[in-house]
Structures are given as C-alpha cells and as structure tokens.
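What follows is each chain in one-letter form.
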Amino acid sequence: MKRLLDALTARTDAGAERMVRRTAQRYSRRSFIGRAALFMAGTALLPVLPFDQGGRAIAATPNGGKLQDDDPLACDYWRYCAIDGNLCNDCGGTLTSCPPGAEASKVSWVGTCRNPTDGKDYVVSYNDCCGKAACTGTECVNSARERPGYQMSLHNDINWCMANKSMGYHCTVAVLVGQVDDAPAG
Ligand code: ABN
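What counts, and at which threshold
- Residues numbered from 1 in each chain as written.
- Predicted model: local features only at pLDDT ≥ 70, side-chain atom pairs only at ≥ 80, totals over all residues.
- Heavy atoms only, no water.
- Helix = DSSP H or I, 4+ residues; strand = E, 2+ residues; numbered from the N terminus.
- Buried < 20%, exposed > 50% of the residue type's maximum accessible area, 1.4 Å probe, protein only.
- Contact = heavy atoms within 4.5 Å.
- Areas by Shrake-Rupley, 256 points an atom, 1.4 Å probe, with all protein chains shown as cover.
- Patch = residues over 30% accessible without salt bridge, like charges linked within 9 Å, V, L, I, M, F, W, Y side chains within 5 Å.
- Salt bridge = Lys/Arg side-chain N within 4 Å of Asp/Glu carboxyl O.
- 1 Å grid on protein atoms, 1.4 Å probe; cavity = no way out; pocket = protein on both sides within 12 Å on 5 of 7 lines; lining within 4 Å.
- Points joined across faces, edges and corners; volume = space filled by probe spheres on them.
- Nonpolar A, V, L, I, M, F, W, Y, C, P; charged D, E, K, R; others polar.
- Near = heavy atom within 4 Å.
- Polar contact = N/O pair within 3.5 Å; in protein donor to acceptor, adjacent residues only side chain to side chain.
- Disulfide = S-S within 2.5 Å.
- Core = buried A, V, L, I, M, F, W, Y, C linked by side-chain atoms within 4.5 Å.
- Phe/Tyr/Trp six-rings, centres within 6.5 Å; stacked < 30°, edge-to-face > 60°.

Chemist: Tell me about the overall build of the protein, and name the residues and values.
Modeler: Helix and strand content of the protein: three helices and six strands. When the helices and strands of the protein are listed from N to C terminus, the series reads α-α-α-β-β-β-β-β-β. The proportion of buried residues among the 186 residues of the protein is 30%. Here the analysis covers contacts within the protein between residues at least 6 apart in sequence; of these, 70% occur between residues at least 24 apart. For the protein, the exposed area adds up to about 12,000 Å²; of that, 59% sits on carbon and sulfur atoms.

As structure tokens, this is what we get:
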C-alpha cells in the first residue's frame, strides 16, 4: 500500500513539475505578474457589477405605492414601505417589539416612508428579531428606495441578526425613528 502511495505521489509531483516548467518557459515573469494583476483586479470588481433586480422591482411597493394607515397586519401598511421579512406582530410580538424569547438585531436597515394620513415622510428602522426559528407569520417584501446588495446600507434582503450572538432570523419590527425635515438642504 505504501509503495503504491509513493508511486502515485511521485507521478503527481512529476506532473506538477512538468506543468510549472512548461508555464515558466511560455511566460516571462513580467507577463505573469501582469496577468495575475489583471485577474485580481477583475475579481475585485465583480461584486460591484450591476445585477438584474427586475423581480424585486415588481414588489417595489404594493398597490402601486398607495399605502394605508389602518391595518398593521397587511403588507401595504405605510410603515412597511421598505420591509423585507415576517411581521413580528403576526408572530406573538408587536409592531415595534420582538416576540418573547427573541432579541432585536443590533444593526438594522433604515427606510423612509410617507404616512398617508399626514403626508409627511418618516425614517423607519427595520430591526430583525433574532435567536428563534423563522416565524411563519405574514411575509412582506417592499422595496421603496431600496438598492442592490453592493450598496449594503440601502439593501434590505439581508439577515440583520448577523451582529447578534444568536444569528437565527425570526421576524422583523418597524420602529419609527423620526420625521424627515422637509426644509430644503443648504
Ligand atoms: N431582513 C430579513 C431577512 C432575513 C433573512 C434573509 C433575508 C431577509
């Protein structure tokens, strides 16, 4: 058995050596470094290339953007304009608090939603609730002003439990953080 392994190792070594010698003869060191640099630059650029989000565009906001202020258990409730997850108020929690046994994510995705009652824009923090198996309540995916994953701070299709000790995703709450000042910037 040992002899067979030694023979196999020797053949593999010889094959690898032949390949390295052939490559070294064919390419100069400078050309090799140039090609390696090009390859590395190419792979570094890959994550920032645009990718098709056509499917998500359909779900940009329900009802063509006409959201309501009456039913927080429906996906077209205005605070959910940029939510991606299961509603915690349909999983034993509330609109703003996690169900018992789950803890709020330490990081979150923030959206800006218009309240149809007063016509004002509000900043909404979508915190995932973590540490329990995924809940099976209503799932909503709305994407007002959302951007693909290469702009991570503007992307909502992420498990925000990633910074918690227990990273299992359970559901998502929508907490009002503040009203957007409508005075023009300047
Ligand atoms: N933010 C909710 C979520 C959790 C896991 C995967 C995708 C989205």
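Chemist: An account of a nonpolar patch on the surface is needed here, citing residue identities and associated values.
Modeler: Taken together, Leu-4, Leu-5 and Leu-8 make up a surface patch of nonpolar side chains, about 300 Å² in accessible area. By secondary structure assignment, the location of Leu-5 is in helix α1 (residues 2-26).

Chemist: A description of the layout of surface pockets should follow, citing residues and the corresponding values.
Modeler: A volume near 190 Å³ is recorded for the largest pocket. Lining the largest pocket are Thr-61, Gly-65, Leu-67, Cys-81, Thr-112, Cys-113, Arg-114, Pro-116, Asp-121, Ala-144 and Arg-145. Per-element accounting of the lining of the largest pocket gives the leading share, three residues, to strand β3 (residues 109-114). Grouping the amino acids of the lining of the largest pocket by side-chain chemistry returns five nonpolar, three polar and three charged.

Chemist: Can you explain the site of the ligand? Please cite residues and give values.
Modeler: Surrounding the ligand, one finds Asp-84, Asp-128, Asn-156, Asp-157, Ile-158, Asn-159, Trp-160 and Tyr-169. Within the backbone of Asp-84, one N or O atom sits 3.2 Å away from a nitrogen atom of the ligand. In the model, a nitrogen atom of the ligand is placed 2.7 Å from a nitrogen or oxygen of the Ile-158 main chain. Grouping the constituent residues of the shell around the ligand by class yields three nonpolar, two polar and three charged.

Chemist: Outline the state of the cysteines, listing residues and values.
Modeler: Covalent bonding between the sulfur atoms of two cysteines is what defines a disulfide. Overall, the coordinates contain six disulfides when judged by the stated rule. The partner cysteine of Cys-88 in its disulfide is Cys-171, sulfur to sulfur 2.0 Å. Between Cys-88 and Cys-171 the disulfide shows an S-S torsion of about 100 degrees. By sign, it is right-handed. Within this pair, whereas Cys-88 is found in the loop between β1 (84-86) and β2 (103-104), its partner Cys-171 is found in strand β6 (residues 169-179), the two being separated by 83 residues in sequence. For the pair shown, Cys-88 and Cys-171 are each scored as buried. Here Cys-130 engages in a disulfide with Cys-161; their sulfurs sit 2.2 Å apart. Looking down the S-S bond of the Cys-130 and Cys-161 bridge, the torsion is -90 degrees, so its handedness is left-handed. Pair noted here: Cys-130 is in strand β4 (residues 121-130) and Cys-161 is in the loop between β5 (139-141) and β6, with a separation of 31 residues, a long-range link. Exposure class is identical for Cys-130 and Cys-161. Each is buried.

Chemist: Mind laying out the nonpolar core, listing which residues take part and the relevant values?
Modeler: Core analysis: the biggest nonpolar cluster contains 19 residues, and Trp-78, Tyr-80, Cys-81, Ile-83, Cys-113 and Tyr-126 have the highest contact counts within it. Taken together, the elements giving at least two residues each to this core come down to β3 and β4. When residues of this core are assigned to their parent elements, the largest contribution, three residues, is made by β4. Once residues lying within four places of it in the same chain are set aside, the contact partners of Cys-113 are Trp-78, Arg-79, Cys-81, Ala-82, Lys-120, Asp-121, Tyr-122, Val-124, Tyr-126 and Arg-145. Formed by eight residues, the second largest nonpolar core is a distinct cluster that contains Cys-88, Cys-91, Cys-171 and Val-173.

Chemist: Can you break down the packing of aromatic side chains residue by residue, with the values?
Modeler: Within this structure, the stated rule accounts for three aromatic pairs. By way of ring pairs, the aromatic residues Tyr-77, Trp-78, Tyr-80 and Tyr-122 are connected into one cluster.

Chemist: Let's hear about the environment of Ala-144: which residues, and what values?
Modeler: Looking at where Ala-144 falls in the secondary structure, it is placed in the loop between β5 and β6. Measuring from C-alpha to C-alpha, the distance between Ala-144 and Cys-81 comes to 5.7 Å, with 63 residues separating the pair along the chain.

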